[in-house]
Amino acid sequence: MSDPLLALDDVYKSYGEEQVLSGVSFEMDAGDVDVVIGPSGSGKSTMLRCVNRLTEIDSGDIYLDGDCVTDADTDVNELRKQVGMVFQDFNLFAHLTALGNVTLGLRKVRGMDKATARERGYEHLEQVGLSDQADSYPAELSGGQKQRVGIARALAMDPKLLLFDEPTSALDPELVGEVVEVMRDLAAEGITMLVVSHEMGFARSAASDIIFLDEGRIVEHGPPEQLFENPQAARTGEFLSRLETTHEGE
Amino acid sequence: MPPLPLQSDWAFVVENLDLLIAGTGVTVALTVASILLGFLLGFPAGAIEVYGRGPLKRAVETAGVVLRGTPLLVIIILLFFGLSVSSSAFVTATIALGLRSAAYQSQIFRGALQSVDEGQLEAARAVGMGRFQAIRSVVVPQALRRSVPGFQNEFTIVLKDTSIAIVIGLGELLTVGQNLYQGGQSTAALEIFLTVSLIYFVLTFVTNRSLDRLDDRFSIPGGERA
Ligand SMILES: Nc1ncnc2c1ncn2[C@@H]1O[C@H](COP(=O)(O)OP(=O)(O)O)[C@@H](O)[C@H]1O
Ligand SMILES: [Mg+2]
């Protein structure tokens, strides 16, 4: 019996008076792709950020590959080497080329020499279809290209788990496809991904499980067929039908 | 004594050009030394104002407020005659100008550091970089670029303010001009000080142009200019 790759156990988080996560628990196995959906402000970003400890939880435990990573004595930098993150606003390093963005972590964190890092960097840009843009700066790239660089940057660290926080919601509609396609490829390669996204096409085709988060609680958690076709909770159904109307025509 | 013809006043300036050039040398040296001292103190001070906390941060902020709130003339006189920090006028002038410049440069860097969006720092932390490493590799290079225009301005101000060292008798450009006027032909005042002004102007102009070049060289392709 092997440990789940990621497990959240009764995680609580509040900001001042506001309870943002209220007893969140779930597990995912290596190779799973879990998609988190839920209304704005329901705590989706906070939950992701707790996993790589950009945000500290108040109580509960988070385990990565069997190790509790929320202990006070956990080295957060060691944890983050194993957990990649892709941001809604890309957050590319503006002063570095696409290749520079991908290799910075390899050099400064993994301690690779320049030549090896460049080689690795190219491979990962290739993986997201951007090896021809290696020398472009972020400001010279389209939104879709920026996000693919963001994905390559996270992939390059060879993480056990990739976190995506609404990776396509800052993109013009016509640029969403290229990013989703890259994410599908990664899912097919067996990379473990925890994805906050309302891209229903991706969720239906690539997700192992869908997690519906509302007001800091997991309301429903199950495979896409079940959750989309036959939601158990009334809240889930309501949310999904609202989602359909707002996304209609896109 | 009949007034000398205008021509000889210019001739007087030309004859003493070597002295004026020597004074210019002192002015340039004082500017460079002061800017350098200002940078060495001002850059860390700006970083402490942004990233520091506690008593260190408060001490740096207070020092900045005091230095920016005191006339340079008062600082230099206080250091030289009041505290006698050094018997060398050049060293004293460098300290006065350097401290005052540090107080202003810290604000240039503070603003530049704050202008780099948080998300980039977060992305650097998310790949496993430590806070110091992330600031150094991601924020500082961008902040330095954005400091160039403010730095350009500060350079010009320091260059012109070196003339204040006249009050402690340092042989910089203005002092040389003043000595020529008092020790030689009093009728050449206009010619002497016009020449002095012209030299200051040429120095600031050339410096600004070179810093523009620096601005171009370090601008990020496709993005904002430095
Ligand atoms: N750093 C923070 N400080 C204070 N409140 C925060 C912070 N981050 C998030 N919140 C609050 O927590 C709630 C959940 O936010 P978030 O996790 O971003 O939701 P979601 O990603 O689902 O839209 C929101 O009400 C938000 O205002
Ligand atoms: Mg969010």
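Per an unreviewed UniProt entry, chain B is named Amino acid ABC transporter permease, and its organism is Haloarcula mannanilytica. Regarding chain B, the UniProt comment filed under Subcellular location (unreviewed entry) reads as follows: "Cell membrane". For the record of chain B, the UniProt heading Sequence similarities (unreviewed entry) holds the text "Belongs to the binding-protein-dependent transport system permease family."

For chain A, an unreviewed UniProt entry supplies the name Glutamine ABC transporter ATP-binding protein and the organism Haloarcula mannanilytica. Recorded in UniProt under Sequence similarities (unreviewed entry), the annotation for chain A is "Belongs to the ABC transporter superfamily." Recorded in UniProt for chain A, the comment headed Subcellular location (unreviewed entry) runs: "Cell membrane".

1. Considering the sheet that holds strand β2 (residues 18-28) of chain A
Residues and elements named next belong to chain A. Across the sheet, which stays open at both edges, the 4 strands sit in the order β2-β1-β4-β5 with antiparallel pairing between neighbours. The open sheet has two free edges, formed respectively by β2 and β5 (67-68), since each of these has just one partner strand. Direction of pairing for strand β1 (residues 6-15) relative to β2: antiparallel, over a ladder of 8 bridges. Its bridge partner being in β2, Lys13 is matched across the sheet by Leu21. Taken strand by strand, helix α1 (residues 44-51) contacts β1, β2 and β4 (59-64), and its axis lies near 60 degrees from that of β2.

2. Structural notes on helix α8 (residues 173-183) of chain B
Looking at α8 of chain B, one finds that the buried residues are Leu173, Thr175, Val176, Gly177 and Leu180 of chain B. A distance of 3.1 Å separates the backbone nitrogen of Leu174 of chain B from a side-chain oxygen at the start of α8 of chain B, and that oxygen is part of Glu172 of chain B.

3. A few points about the site of ligand 1
Residues and elements named next belong to chain A. Neighbouring ligand 1 are Tyr15, Glu18, Val20, Pro39, Ser40, Gly41, Ser42, Gly43, Lys44, Ser45 and Thr46. Residue Glu18 places a side-chain N or O atom 2.5 Å away from an oxygen atom belonging to ligand 1. Note that an oxygen atom of ligand 1 is positioned 3.1 Å from one of the backbone N or O atoms of Gly43. Isolated, ligand 1 exposes 560 Å² of accessible area, and the fraction of that covered by the protein chains is 59%. Secondary-structure elements contributing two or more residues to the shell around ligand 1 are β2 and α1.

4. Examining the environment of Leu48 of chain A
Residues and elements named next belong to chain A. Structurally, Leu48 is set in helix α1. As for Leu48 and Val196, which are separated by 148 residues in sequence, their C-alpha atoms are 8.2 Å apart. The residues contacting Leu48, other than those within four sequence positions of it, are Met85, Leu163, Phe164, Asp165, Leu194 and Val196.

5. Describing the interface of chain A and chain B
Residue-level contacts link 23 residues of chain A with 22 residues of chain B. Both sides together, the interface formed by chain A and chain B hides about 1,900 Å², and carbon and sulfur atoms give 63% of it. In this structure, the connection of chain A to chain B is made through 1 salt bridge. Across the pair Arg49 of chain A and Glu122 of chain B runs a salt bridge whose closest N-O atoms are separated by 2.9 Å. Linking chain A to chain B there are 5 residue pairs in polar contact (both at pLDDT 80 or more). Residue assignment for the side of chain A that touches chain B shows that the elements contributing at least two residues are α2 (76-82), β6 (83-86) and α3 (98-108) of chain A.

6. So, a negative patch on the surface
Residue and element names in this part refer to chain A. Taken together, the side chains of Asp3, Asp9, Asp10, Glu27, Asp29 and Asp67 present a region of like negative charge at the surface. Looking at where Asp9 falls in the secondary structure, it is placed in strand β1. Judged by relative accessible area, Asp9 falls into the partly exposed class, the value being 38%.

7. What about helix α4 (residues 114-127) of chain A?
All names here are of chain A. Taking 1.5 Å of rise per residue, the 14 residues of α4 would be expected to cover 20 Å, and the 20 Å separating its terminal C-alpha atoms lies within 8% of that figure. Buried within α4 are the following residues: Ala117, Gly121, His124 and Leu125. Projected onto a plane normal to the axis of α4, the buried residues spread over an arc of 100 degrees and lie on a single side. Exposed side of α4, more than 90 degrees from the buried face: Ala115, Glu119 and Glu126 are the residues found there. As for α4, its buried residues are in contact with α3 and α5 (143-156). At the N-terminal end of α4, a side-chain oxygen is found 3.2 Å from the backbone nitrogen of Ala115, two or three residues along, and the residue is Asp113. Gly129, located one to two residues past α4, shows a positive phi value of around 75 degrees.

Quick notes on the rules
- Residues numbered from 1 in each chain as written.
- Chains lettered and ligands numbered in written order.
- Predicted model: local features only at pLDDT ≥ 70, side-chain atom pairs only at ≥ 80, totals over all residues.
- Heavy atoms only, no water.
- UniProt positions renumbered as here; feature names shortened; annotations may be inferred.
- Pairing = 2+ DSSP bridges.
- Helix = DSSP H or I, 4+ residues; strand = E, 2+ residues; numbered from the N terminus.
- Contact = heavy atoms within 4.5 Å.
- Axes fitted to C-alpha atoms, helices over the stretch in contact; angles between N-to-C directions.
- Buried < 20%, exposed > 50% of the residue type's maximum accessible area, 1.4 Å probe, protein only.
- Polar contact = N/O pair within 3.5 Å; in protein donor to acceptor, adjacent residues only side chain to side chain.
- Near = heavy atom within 4 Å.
- Areas by Shrake-Rupley, 256 points an atom, 1.4 Å probe, with all protein chains shown as cover.
- Buried area = accessible area lost by both parts, 1.4 Å probe.
- Salt bridge = Lys/Arg side-chain N within 4 Å of Asp/Glu carboxyl O.
- Patch = residues over 30% accessible without salt bridge, like charges linked within 9 Å, V, L, I, M, F, W, Y side chains within 5 Å.
- Lys, Arg positive; Asp, Glu negative; His and termini not counted.
- Charge placed at Lys NZ, Arg CZ, Asp CG, Glu CD.
- Expected span 1.5 Å × (residues − 1).
- Arc of directions from axis to C-beta.

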